[in-house]
Amino acid sequence: MSLLFVVGERVLCYHGPLVYEAKILKAETWDETNTKLSTVGPHFFVHYKGWKQTWDEWVPITRLLKFNDTNVQLQKALMAQASAAASTSGLMAGGAMKDGNSSRGGGLGRKDGRGTKRGREEDDSSKKPEMKLTVPEVLKVLLVDDWEAITKNSQLVTVPRSPTVVEILQEFKDYVMGLGKNTTLREPDLVLPTIISGLQVYFDRSLGANLLYRFERPQYAEMRKQYVTGPKVQVGQEKDMSAIYGAEHLLRMLVSLPQMVASSTMDAESVGLVRDYVNELLTFMVNDRSRLFLTEYESSSLQYQNISRS
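Quantities reported herein were computed from a predicted structural model and do not represent experimental measurements. (Residues numbered from 1 in each chain as written. Predicted model: local features only at pLDDT ≥ 70, side-chain atom pairs only at ≥ 80, totals over all residues. Heavy atoms only, no water.)

Novice: Just to check I follow, could you spell out the overall build of the protein chain for this structure?
Specialist: On a plain count of helices and strands, the protein chain comes out with ten helices and seven strands. Taking all 310 residues of the protein chain together, the buried fraction comes to 50%. Restricting to contacts in the protein chain with at least 6 residues of sequence separation, those with at least 24 account for 75%. Carbon together with sulfur atoms contributes 51% to the accessible area of the protein chain, which is approximately 15400 Å² in total. (Helix = DSSP H or I, 4+ residues; strand = E, 2+ residues; numbered from the N terminus. Buried < 20%, exposed > 50% of the residue type's maximum accessible area, 1.4 Å probe, protein only. Contact = heavy atoms within 4.5 Å. Areas by Shrake-Rupley, 256 points an atom, 1.4 Å probe, with all protein chains shown as cover.)

Novice: Honestly, the nonpolar core in this entry has me stumped. Any pointers?
Specialist: Note on soluble globular proteins: their nonpolar side chains tend to be buried together. Counting residues in hydrophobic clusters, the biggest one holds 81 residues, and the most contacted among them are Val46, Tyr48, Leu64, Tyr245, Leu254 and Met285. No other element matches helix α8 (residues 268-287), which puts ten residues into this core. Each residue touching Leu64, except ones within four places of it in the same chain, is listed here: Phe5, Val11, Leu12, Cys13, Ile24, Phe44, Val46 and Val59. (Core = buried A, V, L, I, M, F, W, Y, C linked by side-chain atoms within 4.5 Å.)

Novice: Honestly, the packing of helix α5 (residues 188-211) against helix α7 (residues 247-260) in this entry has me stumped. Any pointers?
Specialist: How two helices pack is summed up by the angle between their axes together with the distance between the axes. The geometry of α5 relative to α7 is characterised by a closest axis approach of 10 Å and an angle of 90 degrees between their N-to-C directions. Viewed along their axes, α5 and α7 adopt a mutual orientation that is roughly perpendicular. Contacts from Leu199, Tyr202, Phe203, Ser206, Leu207, Asn210 and Leu211 in α5 reach His249, Leu250, Arg252, Met253, Leu254, Ser256, Leu257 and Met260 in α7. Tallied by class, residues from the contact of α5 with α7 come to ten nonpolar, four polar and one charged. (Axes fitted to C-alpha atoms, helices over the stretch in contact; angles between N-to-C directions. Parallel < 35°, antiparallel > 145°, perpendicular 65-115°, else oblique. Nonpolar A, V, L, I, M, F, W, Y, C, P; charged D, E, K, R; others polar.)

Novice: Could you clarify how one ought to interpret the environment of Ala268 in this entry?
Specialist: Mapping Ala268 onto the fold places it in helix α8. Distance in space between the C-alpha atoms of Ala268 and Met131 is 8.8 Å, their sequence separation being 137 residues.

Novice: Sorry, what's going on with the pattern of salt bridges here?
Specialist: Throughout the structure, instances matching the rule amount to 13 salt bridges. A salt bridge links Glu171 to Arg291; the shortest N-O distance between them is 2.6 Å. Placement of the pair is Glu171 in helix α4 (residues 165-179) and Arg291 in helix α9 (residues 289-292), with a sequence separation of 120 residues. Its relative accessible area of 26% is what places Glu171 among the partly exposed residues. (Salt bridge = Lys/Arg side-chain N within 4 Å of Asp/Glu carboxyl O.)

Novice: Would you mind showing me how to read α5 here?
Specialist: At 3.6 residues per turn, the α-helix brings residues three or four places apart onto the same side. Taking 1.5 Å per residue as the helical rise, α5 with its 24 residues ought to reach 34 Å, whereas the 28 Å between its terminal C-alpha atoms falls clearly short. If you look at α5, its biggest bend is around 45 degrees, right at Arg205. (Expected span 1.5 Å × (residues − 1). Bend = angle between axes of the 7 residues up to and from the residue.)

Novice: Would you explain the packing of aromatic side chains in this entry?
Specialist: Any pair of aromatic rings gets described here by the distance separating the centres and the angle formed by the planes. Scanning the model with the defined rule gives nine aromatic pairs in all. Each ring, one from Tyr20 and one from Tyr48, has its centre 6.1 Å from the other, and the planes form 80 degrees; the classification is edge-to-face. Note that Tyr20 is positioned in strand β2 (residues 18-30) and Tyr48 in strand β3 (residues 41-48), a separation of 28 residues in sequence. Owing to a relative accessible area of 4%, Tyr20 belongs among the buried residues under this scheme. The buried category is assigned to Tyr48, whose relative accessible area is 0%. Ring pairing ties together the aromatic residues Tyr20, Tyr48, Trp51 and Trp55, which thus form one cluster. The ring of Phe45 has Lys26 lying over it, and the distance from NZ or CZ to the ring centre is 5.1 Å. (Phe/Tyr/Trp six-rings, centres within 6.5 Å; stacked < 30°, edge-to-face > 60°. Lys NZ or Arg CZ within 6 Å of the ring centre and 35° of its normal.)

Novice: What am I meant to see in unusual backbone geometry here?
Specialist: What is expected of a backbone is that most residues other than glycine have negative phi and most peptide bonds are trans. With an omega dihedral of 0 degrees, the bond running from Val159 to Pro160 counts as a cis peptide bond. Within the element layout of this structure, Pro160 appears in the loop between β6 (155-156) and α4. Looking along the chain, the bond that leaves Ser162 and enters Pro163 is cis, with omega of 0 degrees. Looking at where Pro163 falls in the secondary structure, it is placed in the loop between β6 and α4.

Novice: Even after reading the chapter, I still don't get the sheet that holds strand β4 (residues 57-60), so can you show me in this structure?
Specialist: In a beta sheet, neighbouring strands are held together by backbone hydrogen bonds and run either parallel or antiparallel to one another. Pairing within the open sheet is antiparallel, and its five strands lie in the order β4-β3-β2-β1-β5. Looking at strand neighbours, the two that pair on one side only are β4 and β5 (64-66), the edges of this open sheet. Adjacent strand axes in the sheet meet at a mean angle of 50 degrees when their direction is disregarded. In this structure, strand β1 (residues 10-15) lies alongside β5, joined through three bridges in antiparallel fashion. Along β5, the bridge assignment pairs Val11 with Lys66. (Pairing = 2+ DSSP bridges.)

Novice: Would you mind showing me how to read the packing of α7 against α8 here?
Specialist: Running from amino to carboxyl end, α7 crosses α8 at an angle of 150 degrees, the nearest separation of the two axes being 11 Å. In the crossing of α7 with α8, the sense of the turn from one axis to the other is left-handed. Where α7 approaches α8, its residues Ala247, Leu250, Leu251, Leu254 and Leu257 are matched on the opposing element by Val278, Leu281, Leu282 and Met285. Each residue belonging to the contact of α7 with α8 can be placed in one class, and the counts come to nine nonpolar, no polar and no charged. (Left-handed = near helix turned anticlockwise from the far one by under 90°.)

Novice: What am I meant to see in the environment of Met285 here?
Specialist: Summarising the element assignment, Met285 is placed in helix α8. Between the C-alpha atoms of Met285 and Phe172, which are 113 residues apart in sequence, the distance is 8.7 Å. Ignoring sequence-local partners within four residues, the contact set of Met285 consists of Ala247, Leu250, Leu251, Leu254, Leu292 and Phe293.

This is how it looks when you write it as structure tokens:
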């Protein structure tokens, strides 16, 4: 069988929500009789660049990316989100799900995502469970495009957006409830309202703190003035940011959730519920992406660019 990746190849490898440079040391194809991880198909034993050998591990092919410009940009985009998230990880009471293919959580304390020496040598027994999200490839591409449009092309997401985060979450709730018994999600009648409410509250709390690129901050300040703090805003008529921003910023929040909740106290069972519902939400966003996401970002004025960089 011809494998897409080969021994000795330089690759990028997902671990938790982040992507790290790695080298393939071994390659095997497993079936039910010889699997080491309860998964089958091509697997690769990788060494993470800059990490001790104790972190070497077997990973399925779904966690590997070719080392090329596009995937390096994705790595940088995810790292930028995670670095910002780490500074305010205490905002949300959450957790991280333990995944059979992963033994290390995202975010061990350093801004470059690689963690401190102490963090790298930390014993697995002291780690909290991880929330392993399955981010569809098409959404990874959207993340890269989003990062590039704002940080490289000086463009902006048009706000207010339609549909908003509030509307997207309500649509997702209606979608799941409409599935009835044709869903594997646990107890949607009981769990889903709490999940939706938690995601919305968390979005409102974390947007200004850790979901924006620096270039977007003047725009955010203007939205706050227009809908929250400005002299024309009537008391009681203020709008939450989840009623102004849309899918682009919601996606940034979702992919950074594992990083943000890593230091929380949520138990593994509860984390598993959050993981399952968020993975379903990501799939929902893929299926309706042409309506939810912008196809073109707006160009910023020279005046705005000067303000953002001052």
